[in-house]
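Residues per chain, in single letters:
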Amino acid sequence: TRRFTALLFLGKVKARFRAGIFRGENAKAPEIMVGGGEDMQVVSGRGAISSRLAPVVMIYWLAISIMALVIKLPTATDLIGADNDDIMRLVEVRDLLGGQSWFDMMQYRLGLADGTLMHWSRLVDLPIAALIKFFSLFMAMPLAEGVAATVWPLLVSFLLFLPLGLAGRRIGGVVTMHLALGIGAIFVFTNIKFQPGAIDHHNVQLALAMWVTAMLVDPQYRRSSYAVAGIAAALAIAVGAETVPFVAAACICVVLQWAWHGRSFAGAAKAFGLCLTLAISDAFFATVPPYRYAVVTCDNLSFGFYSLTAIGGAGLFILASLPLTDKRLLRFGMLAVAGIALLAAARAIAPECLGNPLANLDPLLVELWLNGVTEARSLVAEMRDTPELVGSFYAVGLFAILVCLARIACRSKVETHVVLLVLLLVSFAVAAIQVRGTIFSNLLSILPLSLLIADIRVRANADRNNPGLAAAYIVTVLASVPVVWGVAGILIKEGVGSVDLNILSTDNAGEEGECGGPQTWSALNALPVGVIASPSNSGAEIIRFTRHRALSAPYHRNQGGMLTELHIGLAQPDEAKAFIDGAGVTALTFCKSDPQTERLIAMKPDGLYAALARSDVPPYLQPVATGPLDGFMIYRVVRD
């Protein structure tokens, strides 16, 4: 009897596995579902390493990390990323380690006399500062900073691989997990935000976005998954306001799932709403000083984003807790009322945040600075200026959107693809406004495209004599990688001879024409501590490498400093002295090849910068050296 009962039980378990109930989610499963779509394959092998999430993620992460280190470090002259945000983050962390208050986000060496209040989060400063502090126990501080900057993006990439692999396994099984990790490895390797030295907050935002996505595609609606999604969404807002549209889209997905499913989804909805509210509250009170509790800003976590997020999360928790929600139409009606109430609260609390956060920029800054920022270009501007690169930015995201629409139309994993479609559409819309958003749409595209590739692979293996399926598999794989589109675009425009191995390089050098280097910083440090007027792209480096205050750096909260530097360059030499004296400038660094300086010279041929380009130096400026230093001509300001 015992043998018969045991055999009957094993038969039922085997049948459940073959029906796809567990879909590879159970680590103890004797058989694991792999592949995607209708043609699932069952692969036997209890405890196979290739089917376990943690070991597989570790293998992919180690491989891509070693490749990044081997390629980057031998030729690196500086272990800190060359991007302005990487440099400014290091300055911010230095200030924290130097004793500046946790709540004091003022950058006192940037801008006019009062300094510039930065909009970044201490939540990213803290782990980087901890790494520097740890490495400084057994190495000199400059090296400790460099090692920490090398290690940090690699650690963040692991935090990205983990939810990416989990999401792949949840939506399609083990094969989809491997495909997602493989495409994700290419994404990480070719993305500047994950290269050694990249310590700005964008890589953290990408990792948090993937955590949210991986939790929302849980087919079993686990409360733990949606609790993690709520926490990750709150942290994403706390780290940077750029993710607010993405988080809003994720919240829309959750509330619509609750309205559609009702009681079976109530636990997940309550977990998401409660954790979102608690986590955003913790982040707000942990990073915002008490005297700014009532201040509303639209570029970071402030009372506006905090209150609306907390209200929305609490509202979802209350709605999902109500006992009278068995009727779907009633749930959608309640949801509509709650949405209208939240929108009214947004118009009352933070109406200015419903539009473009950069709308209050001075028109001169928009013309001479923002329009020249490469990552702030729109889709239209990219198509006009660099059409060969449009594919690398937008093609994969558009491809994934079309795949999601087709899957929904074919009723294949409808809910999963609806969730992915909503997140992709919002990310793609943001990317159409500013090209920097394409890193989010390209990342999210990995999941639906990996599932599609897995389905094609299953069909191709089942019909090996069909060359069309094999070709479709290869083309789909290539079309899912943004860098392939970039290479193709350059080939079409410039020909085969223009492409070499360097095209895959993710070297994060500054913009062409920028000046600055060791000779510049040495010469500036020889001067008495003061205020340096320089092109905005050099401001962060001046703060990092010298003791001076930089008048200008490319941050929208430093409007006063940037405008003053622009007026210095545009004004006639005699008039420019008034701006120099008013800002307390003690030295001026002139870079004739800087893109912004070139625009100023073209705009005002009788301005100070145009005069300096002609070597027509006014008497109140005294050259520090007989010739350029790293491209800079440095002038000491001589006062009466």
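Here is what the cut-offs are and how they apply
- Residues numbered from 1 in each chain as written.
- Predicted model: local features only at pLDDT ≥ 70, side-chain atom pairs only at ≥ 80, totals over all residues.
- Heavy atoms only, no water.
- Helix = DSSP H or I, 4+ residues; strand = E, 2+ residues; numbered from the N terminus.
- Contact = heavy atoms within 4.5 Å.
- Areas by Shrake-Rupley, 256 points an atom, 1.4 Å probe, with all protein chains shown as cover.
- Buried < 20%, exposed > 50% of the residue type's maximum accessible area, 1.4 Å probe, protein only.
- Pairing = 2+ DSSP bridges.
- Salt bridge = Lys/Arg side-chain N within 4 Å of Asp/Glu carboxyl O.
- Expected span 1.5 Å × (residues − 1).
- Disulfide = S-S within 2.5 Å.
- Polar contact = N/O pair within 3.5 Å; in protein donor to acceptor, adjacent residues only side chain to side chain.

### Here's the deal with the overall build of the chain
For the chain, the count of helices and strands is 25 helices and 9 strands. Partitioning the intrachain contacts of the chain with sequence separation of at least 6 by distance along the chain shows that 68% fall at a separation of at least 24. Accessible surface, the chain: about 28,200 Å² in total, of which carbon and sulfur atoms supply 65%.

### Concerning the pairing of strand 9 (residues 633-637)
The buried fraction of strand 9 amounts to 4 of the 5 residues, a majority that puts the element mostly inside the structure. As judged from the 4 bridges shared by strand 7 (residues 587-590) and strand 9, these two strands associate in the antiparallel manner. Along strand 9, the bridge assignment pairs threonine 589 with isoleucine 634. Pairing analysis gives 3 bridges linking strand 8 (residues 621-623) to strand 9, with the strands arranged antiparallel. When the sheet's bridge partners are listed, glutamine 622 is paired in strand 9 with arginine 636.

### What to know about the pattern of salt bridges
Overall, the coordinates contain 16 salt bridges when judged by the stated rule. For the salt bridge of arginine 89 with glutamate 92, the shortest nitrogen-to-oxygen distance reads 3.2 Å. One end of the pair, arginine 89, and the other, glutamate 92, are both in helix 3 (residues 84-97), 3 residues apart, so they sit about a helical turn from each other. Between arginine 377 and glutamate 382 there is a salt bridge, and its shortest N-O distance comes to 3.7 Å. Judged by relative accessible area, which is 22%, arginine 377 ranks as partly exposed.

### Description of unusual backbone geometry
A positive phi is found at arginine 411, a non-glycine position, where the angle reads about 55°. Inspection of the secondary structure assignment puts arginine 411 in the loop between helix 15 (390-409) and helix 16 (414-433). For arginine 411, a relative accessible area of 70% corresponds to the exposed category. Backbone geometry places aspartate 630, a non-glycine residue, at a positive phi of 55°. By the secondary structure assignment, aspartate 630 is in the loop between strand 8 and strand 9.

### Points about helix 22 (residues 559-570)
With 12 residues, helix 22 should reach 16 Å at 1.5 Å per residue; the first-to-last C-alpha distance of 16 Å fits that figure. The element helix 22 is largely enclosed, with a buried count of 9 among its 12 residues. Inspection of helix 22 places Gly561, Met562, Leu563, Thr564, Glu565, Leu566, Ile568, Gly569 and Leu570 among the buried residues, and these make up the whole buried set. On its buried side, helix 22 packs onto helix 13 (363-368), strand 5 (531-533), helix 23 (573-582), strand 7, helix 24 (595-603) and helix 25 (608-613).

### Description of the state of the cysteines
A complete count under the given rule lists 2 disulfides for this structure. The disulfide bridge from cysteine 515 ends at cysteine 591, spanning 2.0 Å between sulfur atoms. Across the S-S bond of cysteine 515 and cysteine 591 the torsion is about 65°, and the bridge reads as right-handed. On the criterion of sequence distance, the pair formed by cysteine 515 in the loop between helix 19 (482-494) and helix 20 (518-525) and cysteine 591 in the loop between strand 7 and helix 24 is long-range, its members being 76 residues apart. Look at cysteine 515 and you get buried, because its relative accessible area is 6%.

### Concerning the side chain of arginine 89
The class for arginine 89 is buried, based on a relative accessible area of 0%. Polar side-chain contacts of arginine 89 include one of 2.6 Å to the side chain of aspartate 125.

### Thoughts on the sheet that holds strand 7
Spatially, 6-5-7-9-8 is the arrangement adopted by the 5 strands of the open sheet, whose pairing is mixed. The open sheet has two edge strands with one neighbour each: strand 6 (549-550) and strand 8.

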